[in-house]
Every structure is written in structure tokens, then in C-alpha cells.
Amino acid sequence: MNKKVRARLLVYGVVQGVGFRPFVDRFARENNLTGWVLNASLGVEIEAEGKSKDVKKFVEGFSENAPPMSLITHIDVSYLPPVDYKDFVIKKSIVQPWEFTLISPDMATCEDCLKELQDPQDRRFGYPFINCTNCGPRYTIIRDIPYDRPKTTMKKFVMCPACQKEYKEITNRRFHAQPNACPDCGPKIWLLDSQGNEQAGDGITKAKIFLSQGKILAVKGLGGFHLVCDAQNEEAVKNLRQRKRREEKPFALMVNSIEKSKSLCFISKEEEKSLLSIKRPIVLLKKKKASLLAPSVAPKSQDLGVMLPYTPLHYLLMDGPYLALVMTSGNISQEPIVFSNEEALERLKGIADYYLLHNRDIYTRSDDSVVYIANKTETMLRRSRGYCPLPIHLDYHVEQILACGAELKNTICLTRGKDAFVSQYIGDLENLEAFNFFEHTINKMKRILKVNPRIIAYDMHPDYLSTKYAEKVSEYDIKIPVQHHHAHVASCMAENGLKKKVIGLAWDGTGYGEDGCVWGGEFLVADFFSFERKAFFSYLPMPGGEKAIKEPYRMAISYLYQTFGDNLMDLALPFFFQMDNKKLSAILETLKKGINSPLTSSAGRLFESISSILGVRNKNTFEGQAAIELEYLASSIRKRNNISAYPYLINQIDSQYQIDVTPMIKQIVKESVNQKSSAAIAFTFHVTMAEIAVDMCRKIREECGITSVVLSGGVFQNRLLVSLLTEKFVEQGFDYYIQQKVPANDGGIALGQAVIAYFKSI
Ligand code: ZN
Ligand code: ZN
Ligand code: FE
């Protein structure tokens, strides 16, 4: 049992630049082992020799004890005859490291740094840029690899002797911590007023005073600027909404502690875990009714997006006379988040009363990530800071590929080996600023991953900027267009490790269909190679085209017209009282003449139409608002047993099924006119949509024998729908898969595109 053995470990993942070798050194010594560790091109290589029980302890406890910012994707262990190493040593790298290792995301301030920040005896007391190998900025400050200080935006700061000493000492927490800094040698902070005049005195102290007086501050953070104000000051929050031109979309909050967050929201164990994780996402939490917050923070929303401080600057700022701060992206509506001082002064002019700036440059933007807990698992709504550039692991080796994503909530994806690297959130590719950010991200990720793909994948939509980019660039030999909903389904398959044919439900707002129509309520039988469109919601004209996305009443009229013809004007719906008669007639004309009314099968539009018909919401001030408010309303129903679905029809046309919801619309209108509660109708509608999905899946299963169902597309961010659906899937013997690692919305499209492109190219 106790004979001597030698273990050889090859560790893959984020294992360089995160304090890994010092950890191995310490952990080996703790276990009485001799041998060595070195940075190799594939990862970290280790040989550890000693009594077999000690070696066993070392190998088994390895992952668990690894440094907080490391991420081990895989360890190869082999055993060799002992060679009697005398000591444990850190060897010099023999090959160029970094080639295949991973860059760490930016991580929240660690406990040790926080202690120093708050310790008046410490030389970094109150210093807003404190960090170590276990925490701090990474992805956002890195220009290129290898990850050394000169390749980061810390290049311009020369370490003082004290910092240099920490950096060189292997036993120090700051050994090779590239952003290491202190008040003597590191970045500084200052406060400007709206005219650009520097404010005398300590910037942070002043900032706290201004915040407590209801001022709006632009604060430079980790991956970009935040616009910040006191979340209990209604006037300040209202001002911010007006100036930022953001009507009703909820603002995210920063709260100092879990305890304080509990005074605002209900927090489950899993939610608490996400809030406290070193990735520090914004977590969507259920708002408590008697809210202490300004009403304008999240009007009409039942959820609050809450995050805890994740930089030293946040901790210092949060230590003020307020319960919570609004912390929203520093931008005007659809533009990317502002990230440089100059840009802030220019683009946030007229919004911010004061600017809290510093001179540690952000090289790459990264917005706050947004998650919610579904089925006790963290589920991505926006995957960005803290998560990117960590890969999604695939079980198979793929060719290098660049996938350009879609148009809204754009992300890109690069593949290397068995990994798919989905980028940080780039945003809606609707303006030059966003497009530049898109190109910057592609180029940077290609550099830090050392990839040079020959294959490029993109959406079939001819007008997307991402498509135009793919068509224009010349350095790719193979260009592969991918249908939007096929990409959704493939994305869900990829993150769940599926390869065989599945029934894929892709329900979203808009995606370009192979027949040129606007798809969005699709049932595909698909694998990575191809798909067959088995079923969809019957086409309906979308009066006014794109306008119908912002104005759900347009599609509502389309549904009503299809169901009632010209008699729709006689319906006593709340909907009509809210509408201008002239507009109504104009839209009817458009419909009848078929002007600017593309056909759609969108499930997202159907949810919004019901919202409008029930008088919940006629116009969206942000994407999906009508559907979200309908879900809130439906979720208020407590008595959920024995509710039977509304009627609908399934027509088989050639080899496809088409779902006709006219009977449901008829019934919904009848109940609404008869004063049945809108909440009950909204709930039954959700039940019906789940019933339609499962019914259709049964039919497809009978035909094809497939029992695996994957769900993707923005509609499946509807938690009520997903819970109703998954219950039915279990009942009916299906195995179902949802998206959690990447968003179900178009933020996940790039992953699907990449994997499809690989399988199509082989
Ligand atoms: Zn730290
Ligand atoms: Zn220093
Ligand atoms: Fe989509």
C-alpha cells in the first residue's frame, strides 16, 4: 500500500496566470511529494512522487483544491516507475506556453483582497484597484497572449519595489499577478463634473455624497461604464430614464450584501450561490411586494436584477448612505457600453452629472452577465463578464470555425479543438459602434486563441450586418449560411452534448426562413447536418413588417382579422378602447391589400398578440415586453389543476403539419368579452401553448421514433411556459433539453452556427 509511486498529470483549462504553479508546489509539499511542475503548451505538466497513499491524496484532491480563478477542463493521469526526486521544484517552461491554454474571465474581488481593502493598517487600504492572482481583471485588459503585463493595459504602470517583490515571490498571493498595483505605482481615480472640471478632494468620497444627493454618475467599471444613481430616489431614477431614453426596461441594481438584497427580493439557496459566485452576474430575483425602491427602477416588473459588488471600487462606493444603487450600462439605448474616458465624456454628455474616471484602460468591453435560476440551475440570459472567454466544451474535436451570430444580442463563436468559445455580449448590430465592437471582438479572440479559421458561418438573413461581414471578408475558404432556427436547435444540442437526431422546438420572434418568410414557431427534426421542418404555426401576415415587433397590436389585429373577418370591429374588446380608430382602419387596409405584410409563423408574435388582445400591452418599450407582462399576469394564477387547453387545429399539408390557432383566438375573445379574468385567460393560453407543443411532439415521435426534444429561442425564456412544458414532457416519456450555458435567445445562435458549419464541412 505504501510503496513509492510517480504520477504524471497533464492539466488542461484555465491553468496559467491564475496562481496555478504555486498552488501545485504547495499542495505537493503538503502531501510530502517530490517532483516538478511546469507550464507546457497544452496546459500544466506535473510529476509527483511519494508514498502511494500520498500520491492518491494529491491526485484525488487536486481539482477541489485548485485556485479559485482556475478552471480545470480535463486531467490526464498516468503512473510511472519512481525516479527518486529529491525535492519539489517549479521548472522553467520548455515550450511556448499559452498556445492551447485558456484566458481567464474577469473575476470578483476575493476575500483576502477585500480584507486588505478594509484594513486601515494595510498599504492598500481603500485602494480601488486592489487585486491578486485569485481575483481582478483579465479578459477586459488583455490585448494579446502570452498573458504578461506588457500585453495588457497595465503596461504603462511600472511596479514599485514593494509590488515587484510580491510579484516575484512564489509563495505570495500576488506571484505573477499581472495587474498587481498599489497606491504608489498603480492606476488612480478622479471625479469630473459635467463640464469636465476636476473636483477637489477624494473622488470616491465626493461621489458618494453626490449619489446621496440624487445625482447621476458615470462610473468606469471593469468592462465598461455604469450609469449610477440612488435606487430609492424616484426623481434621480426618473431623470436617468429620461436622459438615457429608456422608458420601462428594468434597471439593474447593486446591493452591498445578501442580507440587504433579502429586504428587496426573495432569494433561494441557488440564487444566493449565483449572487455570491466570483463571476458575480446580475441575478433575476422575485421582487418583494412592499418595495423600498423608487417605483421607476423596475415599473411593472415582478423581477429585479440584482448584483453584489465585484470590484474594489464598487465596495468603496457601496459603503454610503443608500440601500441600493441603480447600475445600468453606460450607453444610450441600443449602442454598445461606453468603455473609455474620452468616449464617456462625449457619449454620456447630458446623462451624467459627474464622471468617476480612472486610468486603467479597458481594452475590450464586457457587459454584466444576466442569469436566472430555472430548475435549480443557473440559466443564462446574457453571457458576458465573468463567463467569457471560457469555452463550452464539446465532446468531439472540431475544425477551427468562426461563427458570426445573428443580428440582435449578437455574440460570435470561435472553435478550437473540442472547445467552442462564445464571445461576450456584443449587442444589437444596428449601428456602426456595435459593428466595430463586433469586428474588434473577432480579431481579439482570434489572437488570444491563436486560431485562424478557414470556415465562416453566418445567418441566412441577407440583410444582417453579420451576414454582410461574412460575405465580404476574403480570408475564409468555406462560407456556410445557416438557417436561424436550425442554429437555435443546434446550440441547445451542443451545450447538452447531443449528436443524434432530435425534435427541435425553435420558438422566437424572428428568423429568416428558407422560403423567405419570417419563421419563429418551428418544429424541426434535426441533427447537425441538416433539418426537416416538420411543423409550424400557420402563416399570418405581419402588417407593417418590422413595425409589428415594436407594436404588438398590429399582429393582434392580424389574428383577429383572420378569425372574425370584417366583424372584428364589432368585438367589445378592451383592446379596441385603447386604440385609435383611424389607425385600426389603416392597418386593416394594409392587411386586406397585403401591403408590407410579410408572412410569419412566429410564436413570439403570438404571445404578444394575446397580450394586446387582453389589454395588457399594445406597444413594447423593450424587446418582448408584452409577452413578459402576459407571463407575469398568468403566473398570478394559483389554482392550476384541471385547466384544459383552448381548442386548436392541426392540419397536415403534404408532409408538414400546420397549427391553426383560430379556434383558440375565438375562445379567448369570447371569454374576454364575457369578463372572464385576464389572468385566467393568460394562464390557459400558456397551458394551450404547452399542449400544442407536446401534442405536436407526440405526432412527430410516432412518425420518426425520436424521443429527445430540445427547446431553444427567446420564447423559452418564459419560465411559466417551460415549467408547464417540461411537466408534460416527463408525463409523456420524452427527454427534454433546455439552454442554460448559453442564452436561449439569439445570444446562443453563434454556437449552433459553428457546430453546424463543422458537420456540414466534413
Ligand atoms: Zn484577490
Ligand atoms: Zn506598488
Ligand atoms: Fe432567434
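Right above here is the structure, for reference.
None of these values were measured; they are calculated from a predicted model.

Trainee: Explain the coordination of the iron ion (ligand 3) here, please?
Mentor: In ideal tetrahedral geometry, four donors around a metal make angles of 109.5 degrees, whereas ideal octahedral geometry with six donors gives angles of 90 or 180 degrees. Protein coordination of the iron ion (ligand 3) is provided by His-484 (NE2), His-488 (NE2), Asp-508 (OD) and Asp-746 (OD), with donor distances spanning 2.1 to 2.3 Å. Every donor counted, the 4 donor atoms about the iron ion (ligand 3) form angles of 87 to 170° at the centre, which fits irregular coordination. Positions of the donor residues of the iron ion (ligand 3), expressed as sequence spacing, correspond to H-x3-H-x19-D-x237-D. Taken as a pair, His-484 and His-488 lie in helix 13 (residues 484-495) at a separation of 4 residues, close to a single helical turn. Given a relative accessible area of 1%, His-488 falls into the buried group.

Trainee: What is the right way to look at the sheet that holds strand 17 (residues 392-398) in this model?
Mentor: Paired through their backbone hydrogen bonds, the strands of a sheet run either parallel or antiparallel. An order of 17-19-18-20-21 is seen for the 5 strands of this open sheet, with the pairing classed as mixed. Unpaired on one side and paired on the other, strand 17 and strand 21 (478-482) mark the two borders of the sheet. Averaged over all neighbouring strand pairs, the angle between strand axes comes to 30°, with direction disregarded. Bridge analysis of strand 17 against strand 19 (residues 413-422) gives 3 bridges, and the strand direction is antiparallel. When the sheet's bridge partners are listed, Val-398 is paired in strand 19 with Gly-417. Sitting on the sheet, helix 11 (residues 432-449) is in contact with strand 18 (401-403) and strand 19, with an inclination near 160° to strand 19. The sheet strands contacting helix 13 are strand 17, strand 20 (455-459) and strand 21, and the helix crosses strand 17 at an angle near 100°.

Trainee: Would you mind going over the coordination of the zinc ion (ligand 1) with me for this structure?
Mentor: Protein coordination at the zinc ion (ligand 1) comes from Cys-110 (SG), Cys-113 (SG), Cys-132 (SG) and Cys-135 (SG), with a distance range of 2.3 Å. The site at the zinc ion (ligand 1) holds 4 donor atoms, and with the angles between them running 103 to 120°, its shape is tetrahedral. Read from N- to C-terminus, the donor residues coordinating the zinc ion (ligand 1) fall into the pattern C-x2-C-x18-C-x2-C. Taken as a pair, Cys-110 in the loop between strand 5 (88-90) and helix 3 (111-117) and Cys-132 in the loop between helix 3 and helix 4 (161-168) lie far apart in primary sequence, 22 residues in all.

Trainee: How should the layout of surface pockets be read in this particular structure?
Mentor: Regions of empty space are outlined by a rolling probe, equal in size to a water molecule, passed over the atoms. Considered as a void within the structure, the second largest pocket measures approximately 490 Å³ in volume. Residue lining of the second largest pocket: 17 residues in total, with Tyr-12, Arg-416, Gly-417, Lys-418 and Asp-419 positioned closest to the centre. Taken together, the elements giving at least two residues each to the lining of the second largest pocket come down to strand 1 (4-14), strand 4 (71-80), strand 17 and strand 19. For the lining of the second largest pocket, the element with the highest residue contribution is strand 19, accounting for 4 residues. Among the residues making up the lining of the second largest pocket, the classes are represented as 5 nonpolar, 8 polar and 4 charged.

Trainee: What's the story with empty space enclosed by the protein in this structure? I'm lost.
Mentor: Summed over the entire model, instances satisfying the criterion amount to 5 cavities of 30 Å³ or more. One number sums up the size of the largest cavity: a volume of about 140 Å³. If you trace the largest cavity, you find 19 residues lining it, with Pro-128, Leu-222, Thr-311, Pro-312 and Arg-360 closest to the centre. Among the residues forming the lining of the largest cavity, the class breakdown is 11 nonpolar, 6 polar and 2 charged. Each of two domains, domain 2 (103-186) and domain 3 (189-358), supplies a minimum of three residues to the lining of the largest cavity. There is about 60 Å³ of room inside the second largest cavity. Lining the second largest cavity, in full, are Phe-537, Ser-538, Leu-540, Tyr-559, Gln-562, Ile-659, Asp-660 and Val-661. Breaking the lining of the second largest cavity down by element, the ones donating at least two residues are helix 15 (552-564) and strand 28 (656-660). When its residues are assigned to classes, the lining of the second largest cavity shows 5 nonpolar, 2 polar and 1 charged.

Cut-offs applied
- Residues numbered from 1 in each chain as written.
- Chains lettered and ligands numbered in written order.
- Predicted model: local features only at pLDDT ≥ 70, side-chain atom pairs only at ≥ 80, totals over all residues.
- Heavy atoms only, no water.
- Donors = N, O, S within 2.8 Å, 3.2 Å for Na, K, Ca; no water.
- Tetrahedral: all angles 85-135°; square planar, octahedral: opposite > 155°, others 65-115°.
- Helix = DSSP H or I, 4+ residues; strand = E, 2+ residues; numbered from the N terminus.
- Buried < 20%, exposed > 50% of the residue type's maximum accessible area, 1.4 Å probe, protein only.
- Pairing = 2+ DSSP bridges.
- Axes fitted to C-alpha atoms, helices over the stretch in contact; angles between N-to-C directions.
- Contact = heavy atoms within 4.5 Å.
- 1 Å grid on protein atoms, 1.4 Å probe; cavity = no way out; pocket = protein on both sides within 12 Å on 5 of 7 lines; lining within 4 Å.
- Points joined across faces, edges and corners; volume = space filled by probe spheres on them.
- Nonpolar A, V, L, I, M, F, W, Y, C, P; charged D, E, K, R; others polar.
- Domains from an automatic or database assignment.

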